[in-house]
Amino acid sequence: MRTRGGEDMTFGRTLQELTRLCGVKRCNLADALGYDPSYISRWINGVKHPSLRSNDALPAQIAAYLTANAAPDVRARIAGQFDLRCDAADDAGFSAALASLLADTIAADRAAGPERPQPTGAENAGLSPVKDIALFPEGIFMALQQAPSSARLDMICTMPIHIQFKNNDAFFRRVRGILSAGTALRVVQFVDMEDVSARTDSFCRSLCYLLGLGKQIRYEFYEFRASRTGYVYLIRDALMLQYLREPFSREVYLLETADPALVGRYCAAADAYIRDRLPLAQAPNLQQLRRQQYFLDYFTQPHGRCLLRHMQPFFLPEPLRERFLSRHPELRQELQLFLGSAEFFETIFLYQLALVDYIYTGRLHFLGTVIDVPPEARREHLRSMIEQLRRTPERLCILCTQNRVCNYDDLSVSVFVNQHAAFVLDGASGGAQPAYTVSSGAMVHQLNVWMDHFRKLPAAQRLTGQDAIDYLTRCMRLL
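It should be emphasised that the depicted structure is a prediction, and the values quoted were computed from it without experimental measurement. (Residues numbered from 1 in each chain as written. Predicted model: local features only at pLDDT ≥ 70, side-chain atom pairs only at ≥ 80, totals over all residues. Heavy atoms only, no water.)

So, the overall build of the protein chain
To be explicit about the condition: Secondary structure counts use DSSP, requiring at least four H or I residues in a row for a helix and at least two E residues in a row for a strand, with both numbered from the N terminus. Exposed residues in this analysis have more than 50% of their type's maximum accessible area, buried residues have under 20%, and partly exposed residues fall in between, with area computed by a 1.4 Å probe over protein chains only. We call two residues contacting when some pair of their heavy atoms lies within 4.5 Å. Values of accessible area rely on a 1.4 Å probe in the Shrake-Rupley scheme; residue burial ignores everything except the protein chains shown.
On a plain count of helices and strands, the protein chain comes out with 21 helices and 17 strands. Going through the 479 residues of the protein chain one by one, you find that 55% of them count as buried. Expressed as a percentage of contacts within the protein chain between residues at least 6 apart in sequence, the contacts between residues at least 24 apart total 79%. Entry remark: accessible area of the protein chain is about 21,100 Å², with carbon and sulfur atoms responsible for 49%.

Quick notes on the sheet that holds strand β17 (residues 462-463)
Worth spelling out the cut-off: Two strands pair under a simple rule: DSSP has to find at least two bridges between them.
In space, the eight strands of this open sheet follow the order β8-β16-β15-β14-β9-β10-β13-β17, with mixed pairing throughout. Each end of this open sheet is capped by a strand with a single partner; those strands are β8 (281-282) and β17. Where strand β13 (residues 396-399) meets β17, two bridges bridge the pair, whose relative direction is antiparallel. Bridging across to β17, L399 finds its partner in R462.

Let's talk about the pattern of salt bridges
Side chains that differ in sign of charge can pair as their charged atoms come close. The condition that has to hold: Salt bridge, as applied in this entry: a Lys or Arg side-chain nitrogen positioned within 4 Å of an Asp or Glu carboxyl oxygen.
Here the structure, examined in full by the defined rule, presents 14 salt bridges. Among the ionic pairs, E346 bridges to R305, the shortest N-O distance being 3.4 Å. With E346 in strand β10 (residues 345-351) and R305 in strand β9 (residues 304-308), this residue pair connects regions lying 41 residues apart in the sequence. Since its relative accessible area comes to 28%, E346 is described here as partly exposed. Its salt-bridge partner being R363, residue D357 comes within 3.5 Å of it at the nearest N-O pair. For R363, a relative accessible area of 34% corresponds to the partly exposed category. Taken together, the shared-partner salt bridges in this structure form one network comprising D154, R186, E220, R236 and D271.

Let's talk about the environment of T401
Positionally, T401 belongs in the loop between β13 and β14 (413-417). Along the primary structure T401 and L350 are separated by 51 residues, whereas in three dimensions their C-alpha atoms are 9.7 Å apart. Ignoring any residue separated from it by four or fewer positions in sequence, one finds T401 in contact with Q352, L353, N407 and Y408.

Some points on the confidence of the model for the protein chain
We count it as follows: For every residue, the predictor reports its confidence as pLDDT, a number between 0 and 100.
Of all residues in the protein chain, 81% attain a pLDDT of 70 or more, and the chain-wide mean is 79. When the criterion is pLDDT under 50, residues 114-127 qualifies, and its contacts beyond four places in sequence or with other chains add up to 25 contacts. The low-confidence segment residues 246-250 (pLDDT under 50) makes twelve contacts with residues lying over four places distant or belonging to another chain.

Comments concerning the packing of aromatic side chains
Where we set the bar: Two rings belonging to Phe, Tyr or Trp (six-membered ring only in the last case) form a pair when the distance between their centres is within 6.5 Å. Interplanar angles under 30 degrees mark stacking, angles over 60 mark edge-to-face geometry, and anything in between is tilted.
Considering all chains together, one arrives at eleven aromatic pairs under this definition. A ring pair is formed by W450 and F454, whose centres lie 5.3 Å apart and whose planes are at 65 degrees; its orientation type is edge-to-face. Here the residue W450 and the residue F454 both occupy positions in helix α20 (residues 441-455), the gap between them amounting to four residues, near one helical turn. F454 matches W450 in its accessibility class, with the two residues each being buried. Here a set of aromatic residues connected by ring pairs shows up, and it is made of F172, Y209, Y219 and F221.

Concerning unusual backbone geometry
For D83, which is not glycine, the phi dihedral falls at a positive 55 degrees. Relative to the helices and strands, D83 is located in the loop between α5 (72-81) and α6 (91-112). Residue classification places D83 among the partly exposed positions, given a relative accessible area of 32%. The residue F315 is not glycine, and still its phi comes out positive at about 60 degrees.

Here's the deal with α20
Note the threshold: Any helix carries an expected span of 1.5 Å times its number of residues minus one. Any pair of nitrogen or oxygen atoms within 3.5 Å is treated as a polar contact; in protein, a donor-acceptor pairing is required on top of that, and neighbouring residues in sequence qualify only through side-chain atoms on both sides.
When the terminal C-alpha atoms of α20 are compared, their 22 Å separation across 15 residues agrees well with the 21 Å that a helix rising 1.5 Å per residue should span. Of all the residues in α20, the buried ones are M443, V444, Q446, L447, N448, W450, M451 and F454. Taking the backbone nitrogen of A442 as reference, a side-chain oxygen 3.3 Å away marks S440 as the first, capping residue of α20.

Concerning the side chain of T183
Tracing the backbone through its elements, the reader meets T183 in the loop between α9 (169-178) and β3 (184-191). Apart from residues no more than four positions distant in its own chain, T183 is found in contact with S150, A151, L153 and Q216.

Notes on the packing of helix α18 (residues 352-361) against helix α19 (residues 375-391)
Inclusion rule: Note on definitions: angles span 0 to 180 degrees between N-to-C directions of axes, and those axes are lines fitted to C-alpha atoms, for helices only across the stretch in contact. Just so you know the grouping, Ala, Val, Leu, Ile, Met, Phe, Trp, Tyr, Cys and Pro go in nonpolar, Asp, Glu, Lys and Arg go in charged, and all remaining residues, Gly too, go in polar.
Where α18 contacts α19, the two axes come as close as 9 Å, and the packing angle between them is 145 degrees. Contacts between α18 and α19 pair L355, Y358, I359, Y360 and T361 from the former with R378, H381 and L382 from the latter. When grouped by side-chain class, the residues that make up the contact of α18 with α19 number five nonpolar, two polar and one charged.

Topic: the pairing of strand β5 (residues 231-235)
Counted residue by residue, β5 has five buried out of five residues, so it is predominantly covered. Side chains Y231, Y233 and I235 project from β5 onto one buried face, and the interleaved V232 and L234 project onto a second face that is buried too. In terms of strand pairing, strand β2 (residues 152-157) meets β5 through three bridges, oriented antiparallel. Paired with C157 across the bridge in β5 is Y233.

Notes on the pairing of β10
Burial analysis of β10 places six of its seven residues in the buried class, the great majority of the element. The pairing of β9 with β10 spans five bridges and is classified as parallel. Residue pairing for β10: R305 is matched across the bridge by T347. The pairing of β10 with β13 spans four bridges and is parallel.

Observations regarding the packing of helix α11 (residues 200-211) against α20
Helices that pack against each other are described as a pair by the angle of their axes relative to one another and the distance between those axes. To keep things clear, this is the line we draw: An angle below 35 degrees is read as roughly parallel, one above 145 as roughly antiparallel, one from 65 to 115 as roughly perpendicular, and any other as oblique.
Packing of α11 against α20 leaves a shortest axis separation of 9 Å and a crossing angle of 110 degrees. Accordingly, the angle class assigned to the pair α11 and α20 is roughly perpendicular. Two secondary-structure elements touch here, α11 through T200, D201, F203, C204, R205, L207 and C208 and α20 through M443, Q446, L447, V449, W450 and H453. Classifying every residue of the contact of α11 with α20 gives eight nonpolar, three polar and two charged.

Set out below in structure tokens:
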């Protein structure tokens, strides 16, 4: 396949040139096609070819998206460069010509010879076909069961977390059941920010879910930009699992090996990569954060938002404020700033179930401390929230337990975000909960995009203004 200039064009080069001319980002094309962005990168880099057997409509889908995003002058340039026999101004004709071009390049690539994956040292490892990717974690469970007793086990993953572990409680219940009481599992999770930006909601939901798993299973996230031939799971000194599509044929395979040299080589490479890098989210000690005045700095920054999985002490009336300040002098500075949240936060997203739990139990959570509130004081607090809503109707948004962005059961942490910083707090048990600070500006930006999506939920999934006032009024009758 050649251009008018005589250059040999593979499918990857053709797609790269078309996306460049149309000004299309790979992550946006992947989202439109329903593929992971890493697939687009691997097509363009020639690491793999699209499988038309599983999706005969793929060339037409790509062509339709490029046609919709190409200006008239760009279409004319593409038609001339690739010698397309069509009217560039005719949407249907231009799209059909592009689809034919893409299909021809895919066929030419396959006729030229089969794909040759980059050698990994795994060619002689056990290779077994699987028809259901749900079987994939079984190898992890077996390796955890067979791992020698130790205070800590390490797992290294390159699979995007939202693909495998979105609210997968059953998986982690089983992992906890396998781990002995004195063993902690550290998971080093590599993530590609293109994956994050292409699926912001599912990634942020999974990030917060995984950060709230507790002390026995601790996640560390590192940004990783590289072309991948598959998704890899490593358990140090025990097992490597690699999920590959079309490695040596056109089937789906699960590569599994316990070869210590191969596993060790992958683990050493991962260790070297992260040695001088900051994780996307760090877990310092709460007391250390207070000494560094992290929370003071956060609360003084503009454009703050929070997603509350547990009730926090915002909108408290003055008498209740003084009572809490006198009981918790160690929190005075942070509590005074937080109590002024009506002036600080753009929006406070509060789950209905978090509010109901507070009404029945009287538990407020704040920076690792649980504050018990008697019934009469809870009534005062709800009345104060209603008054604030009358003055600033959009300041408080009560989220329905089930909503299309993030359900109540999808996470166990509260999330705090402003333009420059973010942190999460696990308030499930009180006491010294884990606190994570987000050290990546790109990740802070994605969390802000995520928060924007809560504001766009339909009225049936969020309560603000008079609807929120009516709901709080009904809640007061329960006290």
